[in-house]
Amino acid sequence: MHAIDQNQQDIEQALHGVLFKHALLAWSMNMLAGLMCAAFLYEKVGFQSLSYWTCSMVLLGLMRLPVVLKTRQYAEAHLPVSRYTAIVGLNGIGWSTMAFFWSPELPLTTQLFILVAPYAVCAASIFSFGASLWTYRIYALCMLVPNSIILILLSDGSFLPHVGPILLFTIAILSIAKQFHSYLAETIDLRLQNQVLVNDLSIQNDSLRQARDEAQKALVVKEEFLARMSHELRTPMNGVLGMSRQLTKTDLNAEQRQAVSTLQQSGEAMLSMVGDLLDASSMASGKTRLECEPYNIRETIELLIAQYTSSLAERPVDIRLKIDQMVPLFIMGDSQRMSQLIGKLVDNAMKFTADGEVLIRVSGENMKPAELGSKSSGDLVVTVSDTGAGIERSELSKVRELFHQVEGSSSRRYGGSGLGLTLVQGLTDLMGGRFELDSQVGVGTQATLVIPMLEAELPEQVPCNNVTHLKDINAQNVASESSKVSTRVLVAEDNPVNQLVIETMLEDLDCDVSVAENGIEAIELLKTGPFDIVFMDCQMPEMDGYEATRLARENGHTLPIVAVTANTLAGDRTLCMDAGMNDYLPKPITDEMLSVMLNKWLGRQPSKLAC
């Protein structure tokens, strides 16, 4: 009830505002109409009476003017409506006295003008005073009632027959004024309601904007946290896994070797789980971004598979890689995410395969040959099949769900976070591809990725065999160890443990290693002597790897610089490339990964794995 009363008060105040908004214009028109009437009646009626009437109208108008001008000083809730109404009523009486000029002896046109003029002014004033119904009613009655009485008295009763039409006219204009007032009130009510809605929407928008800003700040904090955690976790894990791999190369008894193997497997499992959680969090927040740059698909898979070398030595499992000759050597896309996709599938295949083989097949589908000014395109098809335990048909539709695991009981034989295939599905969707899974218990599982592919600029492809056995390649590499030529390598790394890890790995690869603890030392060492390649950490004190690389390029150093970094989130690879680095290795690293980089940039050994 209070809200309704308040709304009525708001409407009344708004109507009063409309009344005074046009009050000066209404006053001007009233004065102009009075002067025009005086001019018309000049020399038609008595000069003295016309002068009195004209002066009276001017004085009444001047009484009204100060009220009109001072309304700007009033608050809308305290407009002088009553005073203004009283003065307007006096103006109406002034107009009614025009009837004293009427006489039967006047020309007919003059008689009609004197009779009609007050009524015309009264009708026209609806728009001036209609915002306040009582103001208009008082004005109309003060004008028409005295006017009619005067005319009746002057006409000796001959005007009585016209009283009926005059009364009807008065009722009509009062009715019109009421309708006009109602229309204004409804319009103002709608405007006020609209203003309330606008204010509510504005408040809601402000709240939503504030919530959005807070959410964006939270996302920024989350992203910074993810980046920091990714870096801080990968850095020590590089030391743990690196040194455990080096231990496997020393003389160990069976018990020690088992302990080191367990340590290495546990570390790799923990690192994989941390990576999955970080990636799942980034994907859930919509922050996962894909890069689009040329990369060597064969080399990407070679570097990926090289990470499984140490685990194959102790397991009766073989990894085979088959790449169709029709697949372009260089394609456009995100090599890191592609490696992650295939890696998740290989991880699953290795986990569920106790004996047998894992086959990775890469081929093209719907290939369109290159035309003038364009590159060939189609779909890249990557199939990872194994001879493992297989998955029940009823489980196939569930394994892509977040945290779902096959054999989800506490007695399950296989570990894992249950995020692997969920991430595969999410990344595949981001790439605009599709992910298919087929399995049969006791026979094995086949996972297929179909990703849109566009060929990039590439050198001539090196002929290679169709099928490669990873264990055979490892044997060939060991056999040819003695034939390696010493390579001068500069390592820029601030963490002492990681210094020891990468230095030991490179020395095992017959490299002459120099270590710099920050970017400044790296620049100084580059000045002292020739190096063949630089492995550059990105985050170092005093001068980071990005700045050191830019400065090295400015100094004219053209040798390969490879980022070795724990920064593995979206965009980190691009930052490295933009700084002038040639390649990118995410921590933790392995000897095989370093070997691939040496092969790639220095051509120390022909790469047979990427066939």
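What counts and how
Residues numbered from 1 in each chain as written. Predicted model: local features only at pLDDT ≥ 70, side-chain atom pairs only at ≥ 80, totals over all residues. Heavy atoms only, no water. Core = buried A, V, L, I, M, F, W, Y, C linked by side-chain atoms within 4.5 Å. Buried < 20%, exposed > 50% of the residue type's maximum accessible area, 1.4 Å probe, protein only. Helix = DSSP H or I, 4+ residues; strand = E, 2+ residues; numbered from the N terminus. Contact = heavy atoms within 4.5 Å. Pairing = 2+ DSSP bridges. Right-handed = clockwise from strand over helix to strand, strands pointing away. Axes fitted to C-alpha atoms, helices over the stretch in contact; angles between N-to-C directions. Parallel < 35°, antiparallel > 145°, perpendicular 65-115°, else oblique. Left-handed = near helix turned anticlockwise from the far one by under 90°. Nonpolar A, V, L, I, M, F, W, Y, C, P; charged D, E, K, R; others polar. Salt bridge = Lys/Arg side-chain N within 4 Å of Asp/Glu carboxyl O. Phe/Tyr/Trp six-rings, centres within 6.5 Å; stacked < 30°, edge-to-face > 60°. Lys NZ or Arg CZ within 6 Å of the ring centre and 35° of its normal. pLDDT = per-residue confidence, 0-100. Polar contact = N/O pair within 3.5 Å; in protein donor to acceptor, adjacent residues only side chain to side chain. Expected span 1.5 Å × (residues − 1).

## Focus on the nonpolar core
Moving on, step 1. Counting 49 residues, the largest nonpolar core has Trp53, Tyr84 and Trp95 as its most contacted members.
Moving on, step 2. Those elements that provide at least two residues to this core are helix H1 (2-21), helix H2 (23-41), helix H3 (47-70), helix H4 (81-96), helix H5 (108-124), helix H6 (126-129), helix H7 (133-154) and helix H8 (163-248).
Moving on, step 3. Per-element tally for this core: the top contributor is H7, with 8 residues.
Moving on, step 4. Apart from the residues within four sequence positions on either side, Trp53 is in contact with Gly34, Cys37, Ala38, Gly94, Trp95, Thr97, Met98 and Phe101.
Moving on, step 5. Among the nonpolar cores identified, the runner-up in size contains 35 residues, and Ile297, Tyr308, Val384 and Val424 belong to it.

## With respect to the pairing of strand E9 (residues 487-492)
Moving on, step 1. E9 sits mainly inside the fold: 5 of its 6 residues count as buried.
Moving on, step 2. Across 6 bridges, E9 lies against strand E10 (residues 511-516) in parallel orientation. Residue pairing for E10: Leu490 is matched across the bridge by Ser514.
Moving on, step 3. The parallel pair E9 and E10, bridged by helix H16 (residues 496-508), forms a crossover whose chirality is right-handed.

## Here we look at the packing of H4 against H7
Moving on, step 1. At their nearest, the axes of H4 and H7 sit 8 Å apart, and the two run at 20° to each other. Overall, the two elements H4 and H7 adopt an arrangement that is roughly parallel. In this structure, the crossing between H4 and H7 has a hand that is right-handed. Where H4 approaches H7, its residues Val81, Thr85, Val88, Gly89, Asn91, Gly92, Ile93, Trp95 and Ser96 are matched on the opposing element by Trp134, Thr135, Ile138, Tyr139, Cys142, Met143, Pro146, Asn147 and Ile150.
Moving on, step 2. Across the contact of H4 with H7, the residue classes tally to 11 nonpolar, 7 polar and no charged.

## What to know about the environment of Val81
Moving on, step 1. Its location among the elements puts Val81 in helix H4.
Moving on, step 2. Given the relative accessible area of 12%, Val81 is considered buried.
Moving on, step 3. Residue contacts for Val81: discarding those within four places in its chain leaves His16, Phe20, Ser132 and Thr135.

## Details of the sheet that holds E9
By way of backbone hydrogen bonds, the strands of a sheet pair with one another, either parallel or antiparallel.
Moving on, step 1. The 5 strands are arranged E10-E9-E11-E12-E13 in an open sheet whose pairing can be described as parallel. Edge positions in the sheet fall to E10 and strand E13 (583-586), since each has one partner strand and no second. Put simply, the sheet's adjacent strands are angled 20° from each other on average, direction ignored.
Moving on, step 2. Helix H19 (residues 572-579) rests against strand E12 (561-565) and E13 of the sheet, and its axis sits at about 145° to E13.

## Looking at the pattern of salt bridges
Moving on, step 1. With the rule as written, the count across this model stands at 10 salt bridges.
Moving on, step 2. With a shortest N-O distance of 2.4 Å, Glu299 and Lys600 are connected by a salt bridge. Within this pair, whereas Glu299 is found in helix H10 (residues 297-306), its partner Lys600 is found in helix H20 (residues 591-602), the two being separated by 301 residues in sequence.
Moving on, step 3. You can call Glu299 buried: its relative accessible area is 15%.
Moving on, step 4. Put simply, Arg320 and Glu357 hold a salt bridge, and the shortest N to O gap is 3.0 Å.

## Here we look at the pairing of strand E3 (residues 330-333)
Moving on, step 1. Of the two faces of E3, only one is covered, namely that formed by Ile331 and Gly333; the face formed by Phe330 and Met332 stays uncovered.
Moving on, step 2. Where strand E1 (residues 293-296) and E3 come together, 4 bridges link them in antiparallel fashion. Residue pairing in the sheet places Tyr295 in a bridge with Ile331 of E3.

## Quick word on the side chain of Asp591
Moving on, step 1. Mapped onto the secondary structure, Asp591 falls in helix H20.
Moving on, step 2. Asp591 sits in the buried class, given a relative accessible area of 9%.
Moving on, step 3. Each residue touching Asp591, except ones within four places of it in the same chain, is listed here: Arg245, Gln246, Lys249, Met505 and Leu509.

## Notes on the packing of aromatic side chains
Moving on, step 1. As enumerated under the stated definition, the model contains 9 aromatic pairs in all.
Moving on, step 2. Chaining the aromatic ring pairs together yields one cluster made of Phe20, Tyr84, Phe129 and Tyr139.
Moving on, step 3. Lying across the ring of Phe40, Lys44 places its NZ or CZ 4.7 Å from the centre.
Moving on, step 4. A cation sits over an aromatic face here: Arg137 above Trp134, 5.1 Å from the ring centre.

## Points about the confidence of the model for the protein chain
Moving on, step 1. This prediction gives the protein chain a mean pLDDT of 78; 78% of its residues lie at or above 70.
Moving on, step 2. Within the model, the stretch residues 606-611 combines pLDDT values under 50 with 20 contacts to residues more than four positions away or in other chains.

## Quick look at the side chain of Ser439
Moving on, step 1. Its location among the elements puts Ser439 in strand E6 (residues 434-440).
Moving on, step 2. The class for Ser439 is buried, based on a relative accessible area of 2%.
Moving on, step 3. There is a polar contact of 3.2 Å between the side chain of Ser439 and the backbone oxygen of Gly444.
Moving on, step 4. Polar contacts involving the side chain of Ser439 include one to the side chain of Thr445, which spans 2.8 Å.

## Here's the deal with helix H12 (residues 335-352)
Moving on, step 1. The end-to-end C-alpha distance of H12, which contains 18 residues, comes to 26 Å, matching closely the 26 Å that a straight helix rising 1.5 Å per residue would cover.
Moving on, step 2. Most of H12 is tucked away, with 15 of its 18 residues classed as buried.

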